[in-house]
There are 2 protein chains.
Amino acid sequence: MSIGKLGDEDSLAILREGILGRLGCIASGWPYVVPVNYFFDGKDIYVHTLPGKKLDALRSNPRVCLQVDKIKDPYNWRSVIAYGTFEEISAEETRENILTRMYSRLPHMTPVESRLVEGAKGTVVFRIKVEEVTGMAEE
Amino acid sequence: MSIGKLGDEDSLAILREGILGRLGCIASGWPYVVPVNYFFDGKDIYVHTLPGKKLDALRSNPRVCLQVDKIKDPYNWRSVIAYGTFEEISAEETRENILTRMYSRLPHMTPVESRLVEGAKGTVVFRIKVEEVTGMAEE
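Along every chain, residues carry numbers that run from 1 in the direction the sequence is written. Chains carry letters from A onward and ligands carry numbers from 1 onward, assigned in written order. Thresholds applied to this predicted model are a pLDDT of at least 70 for local features of residues and 80 or more for the giving and counting of side-chain atom pairs; totals over whole chains, interfaces and linings are not thresholded and use all residues. For side-chain calculations, the full set of non-hydrogen atoms in the structure is used, while hydrogens and water are omitted.

1. Regarding the pattern of salt bridges
If charged atoms from side chains of opposite charge come close, those side chains can pair. Salt bridges are defined by distance alone: a side-chain nitrogen of Lys or Arg within 4 Å of a carboxyl oxygen of Asp or Glu. Counted under the stated rule, the structure contains 16 salt bridges over all chains. The closest approach of N and O atoms between B:Arg22 and A:Asp69, which form a salt bridge, is 2.8 Å. Here B:Arg22, found in strand E2 (residues 20–27), pairs with A:Asp69, found in strand E5 (residues 63–73), and the two come from separate chains. Burial classification: accessible surface area is computed with a 1.4 Å probe over protein chains only, and a residue below 20% of its type maximum counts as buried, one above 50% as exposed, and the rest as partly exposed. By relative accessible area, B:Arg22 is classed as buried at 6%. Residue classification places A:Asp69 among the buried residues on the basis of a relative accessible area of 15%. Helix and strand definitions follow DSSP, with helices as H or I runs of at least four residues and strands as E runs of at least two, each counted in order from the N terminus.

So this is what it looks like as structure tokens:
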């Protein structure tokens, strides 16, 4: 068993395959972490959220990271962090496109069902403009 | 399906039952998130780590959070955040005691096996002095 850096290709594969990550941001000078579903298009990361603490934090400090892992047990895991900048997406066409692609990857709901749910709630869609991806593994 | 705050009792139960959380800290002005195994004694949280980016970050900015969740699917989840202050533990007796309690809750390894592995690696043990716990749920 040894801990080491994960190569770029392996790190990007984890981001591409995942649907659930933990978003880290800074809220009033404190770290803040929440689970989110996301979609990575190979370049940027897309997330949808409801208004609340996470969105308030990101609007006031756009530095954000998304951590995604594959954990078999405490001594066998891979974890990736993508760092980037928060960008809210307001154009309706782009939003729809992103939500459709995101929902198509989530279990248990068809895109239409999910869209109906989200539409009623006032979902906000944002992009993490990815600047750096790093990965670690213990295997 | 609705999203709302989780009560204190339910939030503390998730912290107590969990063994895996995502630790959030601030590294050079950026949010930084890593998966960690932890132990919550009802008051504070204990974590062990190797020297590296996480420890450097915590030593220079002790504001830290631990996020723990139970996720059934994208629309059924509970997530808790404990906020607190990083405190490194140097007393050997306390360290041993904490590591033994922590390992006894991890799968796949006996405490003795785990201690042998960790002892060789130069593990650092620290406490998150918990100041606030908040929880959210969608159920």
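2. Section: the relation of the copies chain B and chain A
Our superposition of the copies is a least-squares fit, built on the C-alpha atoms of residues whose pLDDT is at least 70 in both. Superposing chain B onto chain A requires a rotation of 180° together with a translation of 0.0 Å along the rotation axis, leaving an RMSD of 0.0 Å. Both copies of the chain, as the preceding transformation shows, are related through a two-fold rotation axis. Taken as a fraction of all interface residues of chain B, those also at the interface in chain A reach 100%, which identifies the copy contact as same-surface. Here a residue-residue contact requires only that any non-hydrogen atoms of the pair lie within 4.5 Å.

3. Remarks on the state of the cysteines
Cysteine sulfur atoms are paired as a disulfide whenever they come within 2.5 Å of each other. One pass over the structure, following the stated rule, counts 0 disulfides over all chains. A:Cys25 provides the cysteine sulfur closest to A:Cys65, a residue in no disulfide bond, and the two sulfurs are 8.5 Å apart.

4. Topic: the nonpolar core
A:Leu23, B:Leu15 and B:Leu23 are the most contacted members of the largest nonpolar core, which totals 63 residues. For B:Leu15, the contacting residues outside a window of four places in its chain are B:Tyr38, B:Phe40, B:Ile45, B:Leu66, B:Val68, B:Val80, B:Ala82 and B:Val133. The criterion is simple. A nonpolar core is a set of buried Ala, Val, Leu, Ile, Met, Phe, Trp, Tyr and Cys residues joined through side-chain atoms within 4.5 Å.

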